[in-house]
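Below, each chain spelled out in residue letters.
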Amino acid sequence: MRRNLRVAAYAVCVRDGQILLARSPAPDGTPEWVLPGGGMEHGEDPYDTVRREVTEETGYRIEVTGLLGVDSHRLVGDPRVGRRRDHQGLRIVYEGEITGGELRYEIGGSTDFAAWHDVDAVPGLVRVPMVDIALRLWRERPPHGHLEDVPVPPQMNEE
């Protein structure tokens, strides 16, 4: 079985009751909203990752104003690739404040659009579960940076 660990850093940027999100295609091609952020490059600090990724995906520069928490998920098996795989994603969630730049869309990257959305409208958006997890971390600010009752998606097991 192939094992894989991916570490990523994301930013929750909220101003005037709106959250900054980027749009990315789901595996089936359906557009879905995601947090700006993404995978660390080898040797990169996650603090630098989140600032780089937000700029790449939205055009904005941010100041990291806090560490909201860490989320981990595991997926065993992946029918899309037709072989057994054990994947763990470690997602570091920061709070960020826009300090410069202008809203623009990423060209040739993992996202194709960026926009501000009313925080209260997020439940009506087609979005990845990480958006809800990050918003809970932002709202609840658990002192240990971990949400105890995050539903674990069903494991995808190939026999």
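All of these numbers come straight from a predicted model, not from anything done at the bench.

Quick notes on the rules
- Residues numbered from 1 in each chain as written.
- Predicted model: local features only at pLDDT ≥ 70, side-chain atom pairs only at ≥ 80, totals over all residues.
- Heavy atoms only, no water.
- Helix = DSSP H or I, 4+ residues; strand = E, 2+ residues; numbered from the N terminus.
- Buried < 20%, exposed > 50% of the residue type's maximum accessible area, 1.4 Å probe, protein only.
- Contact = heavy atoms within 4.5 Å.
- Salt bridge = Lys/Arg side-chain N within 4 Å of Asp/Glu carboxyl O.
- Core = buried A, V, L, I, M, F, W, Y, C linked by side-chain atoms within 4.5 Å.
- Lys, Arg positive; Asp, Glu negative; His and termini not counted.
- Phe/Tyr/Trp six-rings, centres within 6.5 Å; stacked < 30°, edge-to-face > 60°.

Draft legend 1. The arrangement of the environment of L125 in detail. Tracing the sequence through the fold places L125 in the loop between strand 8 (113-118) and helix 2 (129-140). With a relative accessible area of 19%, L125 lands in the buried category. Excluding its chain neighbours within four sequence positions, the residues that come into contact with L125 are L21, W33 and H117.

Draft legend 2. Focus on the pattern of salt bridges. Applying the stated criterion to the full structure yields 10 salt bridges. Salt-bridge contacts for R23 lead to D112; the nearest nitrogen and oxygen are separated by 3.0 Å. With R23 in strand 3 (residues 18-25) and D112 in the loop between strand 7 (83-101) and strand 8, this residue pair connects regions lying 89 residues apart in the sequence. The class for D112 is partly exposed, based on a relative accessible area of 40%.

Draft legend 3. The arrangement of the nonpolar core in detail. The biggest cluster of nonpolar side chains holds 24 residues, and the ones touching the most others in it are V12, I19, L21, L35, V93, V131 and L135. Contributing elements (two or more residues each) for this core: strand 1 (2-12), strand 3, strand 4 (31-34) and helix 2. Top contributing element to this core by residue count: helix 2, with seven residues. Not counting residues within four places of it along the chain, the set of residues in contact with V12 comprises I19, L35, L68, V93, Y94, E95, G96, A134 and W138. Listed in part, the 13 residues of the second largest apolar core include L20, V50, V54 and W116.

Draft legend 4. The arrangement of the side chain of E106 in detail. As for its position among the elements, E106 is in the loop between strand 7 and strand 8. One buried charged side chain, E106, makes no salt bridge at all; its nearest oppositely charged neighbour is R104, positioned 6.7 Å away. Each residue touching E106, except ones within four places of it in the same chain, is listed here: E56, E57, T111 and D112.

Draft legend 5. Expanded view of the environment of R74. One can find R74 in strand 6 (residues 60-78). Sequence-wise, R74 and D86 are 12 residues apart; in three dimensions their C-alpha atoms are separated by 7.3 Å.

Draft legend 6. How the structure looks around the packing of aromatic side chains. With the rule as written, the count across this model stands at three aromatic pairs. Note on Y105 and F113: the rings are 4.7 Å apart at their centroids and 25° apart in plane angle, and the pair reads as stacked. Classification of Y105 by relative accessible area gives partly exposed; the value is 42%. Residue classification places F113 among the partly exposed positions, given a relative accessible area of 25%. By the ring-pair criterion, three or more aromatic residues cluster together here, those being W33, Y105 and F113.

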